[in-house]
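A closer look at the structure
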Amino acid sequence: MTSKDIREKYISFFVGKRHKEIAPTKLVPENDSSTLFISSGMQPLIPYLLGEEHPAGKRLVNCQLCFRAEDIEEVGDNRHTTFFEMLGNWSLGDYFKEDQLEWCWEFLTKKLKLPKEKLYVSVFKGSSSVPKDIKSYEIWKSLGIPEDHVYFYGSDKNWWSRSGTPDKMPVGEIGGPDSEIFYEFTQVDHDSEYGEKCHPNCPCGRFLEIGNSVFIQFQKKDNGSLKELSQKNVDFGGGLERLTAAVNNTSDIFETELYKPIVEEICEKLGTSYEKNKQYIQIIADHIKASVFLIKEGVMPSNKLQGYILRRLLRRVVTKAFLIDKQKSDSKFFRSLIKSVTDIYPKHFEGNAVGTEEVVSLEIRKFRKTLERGLKQLDKSIKDNEDLGLAVFNLFQSYGYPLELTIELLKERGIKFTDLDMVQFEKGKKSHVELSRTASSGMFKGGLADHSEIVTKYHTATHLLHQSLRDVLGSSVFQKGSNITLERLRFDFSFERKMTDEEIKQVEDLVNEKIKEDLTVTKEVMDKEKALQSGALGFFTEKYGDKVTVYSIADPSTSSGSSFSREICGGPHVERTGVIGKIKITKEESVSSGIRRIRAKIVLR
Ligand code: SER
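Cut-offs and rules
- Residues numbered from 1 in each chain as written.
- Predicted model: local features only at pLDDT ≥ 70, side-chain atom pairs only at ≥ 80, totals over all residues.
- Heavy atoms only, no water.
- Near = heavy atom within 4 Å.
- Polar contact = N/O pair within 3.5 Å; in protein donor to acceptor, adjacent residues only side chain to side chain.
- Helix = DSSP H or I, 4+ residues; strand = E, 2+ residues; numbered from the N terminus.
- Nonpolar A, V, L, I, M, F, W, Y, C, P; charged D, E, K, R; others polar.
- Buried < 20%, exposed > 50% of the residue type's maximum accessible area, 1.4 Å probe, protein only.
- Pairing = 2+ DSSP bridges.
- Right-handed = clockwise from strand over helix to strand, strands pointing away.
- Axes fitted to C-alpha atoms, helices over the stretch in contact; angles between N-to-C directions.
- Salt bridge = Lys/Arg side-chain N within 4 Å of Asp/Glu carboxyl O.
- Parallel < 35°, antiparallel > 145°, perpendicular 65-115°, else oblique.
- Left-handed = near helix turned anticlockwise from the far one by under 90°.
- Contact = heavy atoms within 4.5 Å.
- Expected span 1.5 Å × (residues − 1).

The next subject is the site of the ligand. The environment of the ligand is formed by Ser40, Met42, Arg68, Met86, Trp160, Asn212, Val214, Asp235, Phe236 and Gly237. Between Asp235 and the ligand, the recorded distance is 2.7 Å, taken from a side-chain N or O atom to a nitrogen atom. In terms of residue count, strand β9 (residues 226–239) provides more of the shell around the ligand than any other element does, three residues in total. Each residue belonging to the shell around the ligand can be placed in one class, and the counts come to five nonpolar, three polar and two charged.

The structure is reproduced here in structure tokens:
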């Protein structure tokens, strides 16, 4: 039985039960800014599940394309995908548990002819606020399902809302207990790594969830409680890819007709086998399919919202293909990959693939360039004997270089990435995540990137750098310009010649020493003349008004006037230097005659 047969049988079965077939909506929601993609068939129906009257009536059925961005990292096993088709039927306050479970059973066992002995069901075991679902249990029993094929689970497994368990539901969100159906692939042995005994929700691959009846009857209130909705709804969802796998008793959805042609194309063009590179191939197959559908809906790779997700998918596709065979993953390969997707869905892609190819190749070319630039940087870091973990982290941070790709490239250069390097890399990643978090919260607070915490740290570090340069190179050094981004500081200053490595090290050490001393940063407003007389550095005097702000960086225990740095400046600055972390001078170069430029980064503590 093909996926097309299953889709048609499902729709006609429910139409036979007096359901109206409704048109699916686009993958990118049109009038819903709360979400980037349609991730379940119920999503466009929320107003009707809440009680609004649907023009097509109270019983609906359809097949909806879905995309789940939150599952990107899950892909890489026998059953997870970001893109899938969901078969759905709904009762908007009409029939409830009895009809739903009975029809579900009838469809699976009579229409799809799934062997009863391979089907298992799960039921909500109850929580402090919602009782055990005895009713569903009794219905399943009355349908002849043996006791040992019925499992009870709590809210983590048998509760469904768009945001997960009841505690995670935001105010206004709807959801309810659900009852799921699983298919058992008896040919797959249980993997004891996942526990002694296998059960329907065990992730070992023996069981596959093929359908889910959600009894949407609750809404989250602002006091945190769940209120019964005015109507009791049914929301059934069945993944078409998974049903196709079950019907054909194929335990891996990537071996069904909905993925096989893509998988074969990858293997043929990259000269590999599915067995050898299973995980990478699953990721490429899912992501390229999702990308092709997103592009068809008008999403373009970018750094924002849907475009960002598409960019991430495509970059993952390129990375995994590179890891299999860098040479063979050329533009011809990606073109043939797109064709293998569109061939599976002739109805969706009549004449549409041409534009898709262009978007994909442009994005891939861009990413290749980034990868090449990163590669040069990596070679330089290796030549300069830099800390490997840190160098790899910097590639990841500045070029979006995936760790596994860098490790491969190191390998090619005869260099081993050790556990110790991994620790450094992870440390860097952790602090980067924290830094970007503070940076973006700063952005939302003030609307300005340059008032974020990280930029403020860089700003104070610039003052320390300025004074350190003067201490090491002499007082002929003064600021000529400065530019700070979320990623680095850049500082231009007057100096006649290239700095020696020794001088660079001395400056870097001095800045880091002053950070370590955790000096206090204080601010005073005073007359310009007085400020300059007091020794405050200020080289753009013509720009200042009569009153200026002076920032001093000093050890609070020493007397005033003995500050390490004192500058006329508009701020903002950190309160104490200790929070800056550690800086590293990454470059010293000439800008023009008599002017040098330094770039520095905040690295690990
Ligand atoms: N909304 C439920 C799910 O996604 C059933 O359609 O599983």
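Structure shown, so let's carry the discussion forward.
Turning our eyes to something else, we now look at the pairing of strand β4 (residues 119–124). Two faces make up the sheet, and in a regular strand the side chains alternate between them. With six of six residues buried, β4 is to be regarded as a mostly interior element. The side-chain alternation of β4 yields two buried faces, one formed by Leu119, Val121 and Val123 and the other by Tyr120, Ser122 and Phe124. As judged from the four bridges shared by β4 and strand β7 (residues 174–184), these two strands associate in the antiparallel manner. In the sheet register, Leu119 faces β7, and the bridge partner there is Tyr183. Running through helix α4 (residues 134–142), the crossover from β4 to the neighbouring parallel element strand β5 (residues 150–153) is right-handed.

Strand order in the open sheet formed by four strands is β10-β11-β16-β15, with antiparallel pairing between adjacent strands. Of all the strands in the sheet, the pair left with one neighbour each is β10 (479–484) and β15 (582–592). Neighbour-to-neighbour, the strand axes of the sheet open up by a mean angle of 20 degrees, direction not taken into account. Pairing analysis gives five bridges linking β10 to strand β11 (residues 489–494), with the strands arranged antiparallel.

Here three strands make up an open sheet; going across it, the order is β12-β13-β14 and the pairing antiparallel. With partners counted over all chains shown, the strands left at the sheet margins are β12 (520–527) and β14 (565–568), one partner each. On average, adjacent strands in this sheet sit at an angle of 20 degrees to one another, irrespective of strand direction. As paired elements, β12 and strand β13 (residues 547–554) share eight bridges and run antiparallel to each other. Residue pairing in the sheet places Asp527 in a bridge with Lys547 of β13.

Before going further, it helps to spend a moment on the pattern of salt bridges. This model, assessed by the stated rule, comprises 26 salt bridges. Here Asp94 and Arg59 are joined by a salt bridge, their closest N and O atoms 2.4 Å apart. Placement of the pair is Asp94 in the loop between β3 (83–91) and α3 (97–111) and Arg59 in strand β2 (residues 59–67), with a sequence separation of 35 residues. Take Arg59: its relative accessible area is 13%, and that puts it in the buried class. Of the charged contacts, one joins Arg599 and Glu589 as a salt bridge, the two residues approaching to 3.7 Å between their closest N and O atoms. Of this pair, Arg599 sits in strand β16 (residues 595–603) while Glu589 sits in strand β15; the two residues are 10 residues apart in sequence, bridging distant segments of the chain.

Moving on: the packing of helix α7 (residues 260–270) against helix α10 (residues 331–344). Between α7 and α10, the shortest axis-to-axis distance is 9 Å and the interhelical angle comes to 160 degrees. Classified by the angle between their axes, α7 and α10 sit roughly antiparallel to one another. Viewed along their axes, α7 and α10 form a crossing whose handedness is right-handed. Across the interface between the two elements, Pro261, Ile262, Glu265, Ile266, Lys269 and Leu270 from α7 touch Phe333, Ser336, Leu337, Ser340, Val341 and Ile344 from α10. Tallied by class, the residues present in the contact of α7 with α10 amount to eight nonpolar, two polar and two charged.

What follows concerns the side chain of Ser155. Its location among the elements puts Ser155 in helix α5 (residues 155–158). Of the residues examined, Ser155 reaches a relative accessible area of 18% and is grouped as buried. When sequence neighbours within four positions are dropped, the list of residues in contact with Ser155 reads Phe124, Ser127, Thr165 and Pro166.

For α3, with 15 residues, the first-to-last C-alpha span of 20 Å sits near the 21 Å given by 1.5 Å per residue. Restricting attention to buried positions, one finds in α3 the residues Lys97, Gln100, Leu101, Trp103, Cys104, Trp105, Phe107, Leu108 and Thr109. The positive-phi residue at the C-terminal boundary of α3 is Lys113, with phi of around 55 degrees.

Where helix α1 (residues 3–16) meets helix α6 (residues 240–247), the axes come as close as 9 Å, and the angle between the chain directions of the two elements is 110 degrees. Taken together, α1 and α6 sit at an angle that is classed as roughly perpendicular. Where α1 crosses over α6, the handedness of that crossing is right-handed. Side by side, α1 and α6 meet where Ser3, Ile6 and Arg7 of the first sit next to Leu240, Leu243, Thr244 and Val247 of the second. Of the residues assigned to the contact of α1 with α6, the class counts are four nonpolar, two polar and one charged.

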